[in-house]
Amino acid sequence: MIIGEAGAAVQAVWGGDILGERGRVYGGGGGGGGRFEMAPEELASVIGQWEAELDKIVDDGERIQNIMRLLEAPGKDSVSGGYVSTSMDSLAALQTQNDSMRKYVQGYIKKLKEAQTKTVATDQGMADPFRTV
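Let me begin by describing the structure that accompanies this report. Just so you know, these numbers come straight off a predicted model, no measurement behind them.

Before going further, it helps to examine the overall build of the chain. Of regular secondary structure, the chain possesses three helices and zero strands. What you see in the chain, going N to C, is helices and strands ordered as α-α-α. Relative to its 133 residues, the chain shows a buried fraction of 17%. Pairs at least 24 residues apart make up 63% of the contacts formed inside the chain by residues separated by at least 6 positions. Entry remark: accessible area of the chain is about 10,200 Å², with carbon and sulfur atoms responsible for 57%.

Okay, here's the thing in structure tokens:
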């Protein structure tokens, strides 16, 4: 069972029923791995999906910043001040989490693009001997 926004985010990235065979990710075994194969078109699609998620993360970060700028105590009493202080602490923690997620996804996209470049170069290099002049 997938619960809440985290489950929806996973489904948005990987699509379909993530508990079904199509979306299931299996760990390796046997220790002889280090290989993962994907067609260039599939890799481009995955990169596009991650870039779309990055856009959402960046938008969320901007919303958090806007809320932090606009947050005011409803009154001049200590309870109102405490409300703002607690809210700001929560928002700061949320911003830290958002920044961490943004950096992670940016790094992941960079690695995917590097893999894409290497895949295209390898495919072209392997195809060269079969080209006719």
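Here Ser80 is to be found in helix H3 (residues 78–127). The class for Ser80 is buried, based on a relative accessible area of 9%. In this structure Ser80 touches Ala73, Pro74 and Gly75, once residues within four positions along its chain are discounted.

Reading the values: the criteria
- Residues numbered from 1 in each chain as written.
- Predicted model: local features only at pLDDT ≥ 70, side-chain atom pairs only at ≥ 80, totals over all residues.
- Heavy atoms only, no water.
- Helix = DSSP H or I, 4+ residues; strand = E, 2+ residues; numbered from the N terminus.
- Buried < 20%, exposed > 50% of the residue type's maximum accessible area, 1.4 Å probe, protein only.
- Contact = heavy atoms within 4.5 Å.
- Areas by Shrake-Rupley, 256 points an atom, 1.4 Å probe, with all protein chains shown as cover.

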